[in-house]
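Fold and contact review
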Amino acid sequence: MGEVIASYRIDADDIKVAARAIAMEQSTGTWTKVSTATQEIHEKYGAKVVEVDEEAKVAKIAFPVEDFSLEIGGIPNILSIIAGNLFGLREVRAVKLLDVEFPREIVTFFQGPNFGIEGVRKLVGTSQTKRPHVGTIIKPKIGLPPERFAEVAYEAAMGGLDFIKDDETLANQDFCPLEDRVSRTMEALDRAKEETGKTCLYAVNVTSEDIVETAQLAVDNGANCLMIDVLTCGFPGLRALNRNFKLPIHVHRTMHGAITRMKNHGIAMLVFAKLVRLAGGDQLHVGCAMGKMESENFQANYNALRSEWYGLKPVFPVCSGGVHPGYVEGNVRAGGTDIVIQAGGGVHGHPLGTRAGAKAMMQAVEAVMKGIPLEEYAKEHEELRLALEKWGTQQITRYYSEEM
Ligand code: CAP
Ligand code: MG
């Protein structure tokens with residue numbers, strides 16, 4: 001039987017002692033010896049410290065596969081074990097779960113994405129070109145009524161985008177009820193398809209108390225893609241979508257910064273990326289080289305989503321947050337072409353509006369795929385030229401302005 005191996009960076013007076021305390025707390029031990037825990041129990045179910053790198057302050061702890069309840073406990077149980085009480089132990093000042101390696105039997109128990117990169121490409125029609133997908137988040141984040149939302153979606157699709165999505169805070173508010181929003185938007189996207197011949201996916205945010213019921217409402221109103229805020233909603237929500245619906249699932253990671261951002265404490269995005277792939281997300285926000293969000297180690301996340309993993313389908317890494325046409329080249333260079341590039345402000349903030357903004361994003365991708373520098377391509381592409389004039393191609397650090 002295999003083991004789950006978790007790597008922790010530990011800040012403690014004695015890293016070996018702290019690692020041992022973590023292994024005990026998270027498996028068969030507690031703060032004192034108890035008569036109920038036999039030697040046999042410790043041997044069979046006890047987690048072991050298998051490696052300690054004192055210089056890097058990293059310890060690897062191996063958990064026997066038998067410690068996990070996959071069928072019923074699923075991903076919540078995995079998290080309670082590898083990422084549970086340990087964060088509060090007095091032996092550690094701070095600790096970060098950096099990575100986790102799963103054995104074959106756990107990976108294949110979870111069947112992963114239903115569509116994966118190739119499946120989503122087939123729906124959109126990019127299996128041949130293999131170019132990055134381009135999407136937009138309808139902005140403003142909240143406030144648009146369904147009719148206006150659908151019009152903006154139509155404009156984005158007419159501009160050639162592959163993908164539109166709800167923002168992570170949009171659910172079923174009174175100003176934009178989900179049923180009305182989805183039916184109008186899908187009707188608008190159908191109209192756009194009649195004109196362009198191209199499919200545009202619309203990821204409906206179904207993050208909610210009863211995600212299956214909400215997703216069913218979206219599907220009944222024509223949805224062709226679903227979206228979940230996986231950390232606020234929970235992994236069982238993602239698995240429920242994966243099991244119950246044959247639609248691609250876009251996974252947003254809102255709230256992750258509270259958990260992933262501190263270098264010495266929390267859980268690395270890499271761990272969540274692996275769990276999302278297990279749970280069956282088809283696209284996941286994992287950061288990128290250029291944009292408004294801090295993105296440490298995004299390359300490792302991309303690898304976890306796209307590399308061979310006991311036959312599980314690869315997940316499309318989503319590069320989002322403060323992206324605009326001027327950042328497309330830098331992001332593709334860093335992330336490759338098997339990515340989804342998204343721009344909200346970078347589409348709807350275009351001087352000529354949403355359709356032109358969508359076109360500018362597509363033109364930037366075309367330029368990169370043809371190996372033509374953006375500035376060069378912009379000479380013959382008005383929308384791209386205007387976008388570059390407004391936003392440039394250099395990473396900026398100050399994003400929010402008074403003119404909003
Ligand atoms: C992007 C976005 C995403 C962030 C999340 C937003 O909009 O929709 O939520 O990208 O970040 O609301 O900010 P803009 P990440 O294109 O207008 O910035 O993908 O890093 O989790
Ligand atoms: Mg958003």
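Below you will find a few notes about this structure. (Residues numbered from 1 in each chain as written. Chains lettered and ligands numbered in written order. Predicted model: local features only at pLDDT ≥ 70, side-chain atom pairs only at ≥ 80, totals over all residues. Heavy atoms only, no water.)

In this structure, Asp167 (OD) and Glu168 (OE) serve as the protein donors to the magnesium ion (ligand 2), at separations of 1.9 to 2.1 Å. Each of the two residues, Asp167 as well as Glu168, counts as buried. (Donors = N, O, S within 2.8 Å, 3.2 Å for Na, K, Ca; no water. Buried < 20%, exposed > 50% of the residue type's maximum accessible area, 1.4 Å probe, protein only.)

A few words now on helix α7 (residues 178-196). With 19 residues, α7 extends 26 Å from end C-alpha to end C-alpha; this agrees with the ideal 27 Å at 1.5 Å per step. Taken residue by residue, α7 has Leu178, Arg181, Val182, Thr185, Met186, Ala188, Leu189 and Ala192 as its buried positions. The arc that holds the buried residues of α7, viewed along the axis, is 165°, so those residues lie on one side. Opposite the buried face of α7, by more than 90 degrees, sit the exposed residues Glu194 and Glu195. Those residues of α7 hidden inside the fold are in contact with α6 (146-158), β6 (163-165), β7 (201-205) and α8 (211-220). Trailing α7 by a residue or two, Gly197 shows a phi angle of about 80°, which is positive. (Helix = DSSP H or I, 4+ residues; strand = E, 2+ residues; numbered from the N terminus. Expected span 1.5 Å × (residues − 1). Arc of directions from axis to C-beta. Contact = heavy atoms within 4.5 Å.)

Glancing now at the packing of aromatic side chains. Counted under the stated rule, the structure contains five aromatic pairs. Arranged with centres 5.2 Å apart and planes meeting at 85°, the rings of Phe109 and Phe110 form a pair that is edge-to-face. Residue Phe110 is classed as buried on the basis of its relative accessible area, which comes to 0%. Seen in terms of ring centroids, Phe149 and Tyr202 are 5.9 Å apart; in terms of plane orientation they differ by 50°. Their pairing is tilted. You can see Phe149 sitting in helix α6 and its partner Tyr202 sitting in strand β7, a full 53 residues away along the chain. When sorted by exposure, Phe149 lands in the same class as Tyr202, which is buried. We note Arg191 situated over the ring of Tyr154; from NZ or CZ to the ring centre the distance is 4.5 Å. (Phe/Tyr/Trp six-rings, centres within 6.5 Å; stacked < 30°, edge-to-face > 60°. Lys NZ or Arg CZ within 6 Å of the ring centre and 35° of its normal.)

With that settled, consider the site of ligand 1. What surrounds ligand 1 is a group of 16 residues, the closest being Lys139, His285, Lys292, Gly322 and Gly344. Within the side chain of Lys292, an N or O atom sits 2.5 Å from an oxygen atom of ligand 1. Look at ligand 1: alone it shows 480 Å² of surface, and the protein chains cover 94% of it. A breakdown of the residues in the shell around ligand 1 according to their chemical character gives three nonpolar, seven polar and six charged. (Near = heavy atom within 4 Å. Polar contact = N/O pair within 3.5 Å; in protein donor to acceptor, adjacent residues only side chain to side chain. Areas by Shrake-Rupley, 256 points an atom, 1.4 Å probe, with all protein chains shown as cover. Nonpolar A, V, L, I, M, F, W, Y, C, P; charged D, E, K, R; others polar.)

Moving on, we come to helix α18 (residues 382-391). Residues of α18 that are buried: Glu383, Leu384, Leu386, Ala387 and Leu388. Where α18 is buried, its residues touch α14 (325-335), α16 (354-370) and α17 (374-378). Gly392 sits one or two positions beyond α18 and adopts a positive phi of about 70°.

Turning to its location among the elements, Arg239 is positioned in helix α10 (residues 235-244). For the buried Arg239, no salt bridge exists, and the shortest N-O distance to an oppositely charged side chain is 7.2 Å, to Glu71. In contact with Arg239, other than residues within four places in its own chain, are Ile75, Phe109, Phe110 and Ala279. (Lys, Arg positive; Asp, Glu negative; His and termini not counted. Salt bridge = Lys/Arg side-chain N within 4 Å of Asp/Glu carboxyl O.)

By themselves, these observations are geometric and do not establish any function.
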